[in-house]
Amino acid sequence: MTTLTPIDARTTEATVVDLSTATVRELNQRLHDAADGTAWIVEHPAGQHNIAAGIDRELDVTIEGNVGYYFAGMHQRGTVKVRGSAGVGLAENIMSGVVHVTGDASQSTGATGHGGLVVVDGNTGARCGISMKGVDIVVGGSIGHASAFMAQAGRLVVCGDAGDALGDSIYEARIYVRGEVASLGADCIEKAMREEHLAELGELLRRAGRTEDPSEFRRYGSARDLYHFKVDNAGAY
């Protein structure tokens, strides 16, 4: 296994992994075996896939560069940060902890996430927050089409614009959008922004390091029409 060298003058308390010489498998195993409270810096990720998957330790991990598919998938504890952009499936099935990308992310960001916080400072592609089950997602830019499709629980905050079919077949997740929405999906409607929603949104923005005014956002959620059987939709059965 590749020996991990101590970090240079930036800090003496972290360990540096260079993915131009170490493998992703070696890195992930070291992160799984690491002690709580340790810090890690990963250099030269070069868009490789599955980096920092399944972390179950209170670690502070910083990736210096772009990452590929399924970065921080199944994340459970600690904080991981990408100083760059991320590919498909960022933080898929996240359970807890924080995943932060300073650049853009591709489609399916935070898909099926059960908890934790995912922050993307830039834009995300299609299907952001698809089938989210409790995760909070804050996007500093815009999101693509079919985002929050079948979103069951959690909050999706969009500081830019949203693409077509936002919140299609949504359950009880809440969506906050500051910019324009191209179109709403089936059973998704605009809802009133009450004081509790302004407070909730303000806290989410604060946690994500954002400075936008919550009063500039609109809220969207389920009309709950799809919850109930309607005989007109029964057809010939």
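Please refer to the structure placed before this passage.
Residues numbered from 1 in each chain as written. Predicted model: local features only at pLDDT ≥ 70, side-chain atom pairs only at ≥ 80, totals over all residues. Heavy atoms only, no water.

### Digging into the nonpolar core
What counts, and what does not: Grouping buried Ala, Val, Leu, Ile, Met, Phe, Trp, Tyr and Cys residues that are joined through side-chain atoms within 4.5 Å yields what is termed a nonpolar core. Only protein chains enter the calculation, and the probe is 1.4 Å; a residue is then buried if its accessible area is under 20% of its type maximum, exposed if over 50%, and partly exposed in between. Two residues form a contact once any of their heavy atoms are found within 4.5 Å.
The biggest cluster of nonpolar side chains holds 48 residues, and the ones touching the most others in it are I51, V61, F71, L90 and L156. Every residue in contact with L156, bar those within four places of it in the chain, is listed here: C128, M132, I137, I143, A148, R174, I175 and Y176. Ranked by size, the runner-up nonpolar core spans 11 residues in total, among them V157, Y176, L201 and A208.

### Observations concerning helix α1 (residues 24–33)
Heads up, the rule is: For the purposes of this entry, the term helix denotes a DSSP run of H or I that reaches at least four residues, the term strand denotes a run of E that reaches at least two, and both are numbered from the N terminus.
Within the span of α1, buried status applies to V24, E26, L27, N28 and L31. Buried-residue contacts for α1 involve β2 (14–18), β3 (39–43) and β4 (60–64).

### Considering the pattern of salt bridges
The cut-off we apply is this: Any Lys or Arg side-chain nitrogen located within 4 Å of an Asp or Glu carboxyl oxygen qualifies as a salt bridge.
Summed over all chains, the structure comprises 12 salt bridges. Of the charged contacts in the structure, one is a salt bridge between R174 and E200, with a shortest N-O distance of 3.0 Å. Of the two residues, R174 is situated in strand β10 (residues 174–177) and E200 in helix α2 (residues 195–207); the sequence distance between them amounts to 26 residues. Note on E200: relative accessible area 16%, which makes it buried.

### A few points about the environment of T23
Note on placement: T23 falls in the loop between β2 and α1. A residue is classified by how much of its surface remains accessible, and T23, at 38% relative accessible area, is partly exposed. Expressed as a C-alpha distance, the spacing of T23 and Q48, which sit 25 residues apart in the sequence, is 9.6 Å.

### Brief notes about the environment of G87
Within the fold, G87 resides in the loop between β5 (79–82) and β6 (98–101). Residue G87 is classed as buried on the basis of its relative accessible area, which comes to 13%. The spacing of G87 and G68 is 19 residues in sequence and 4.5 Å in space, taken between C-alpha atoms. In contact with G87, other than residues within four places in its own chain, are V67, G68, Y69 and S106.

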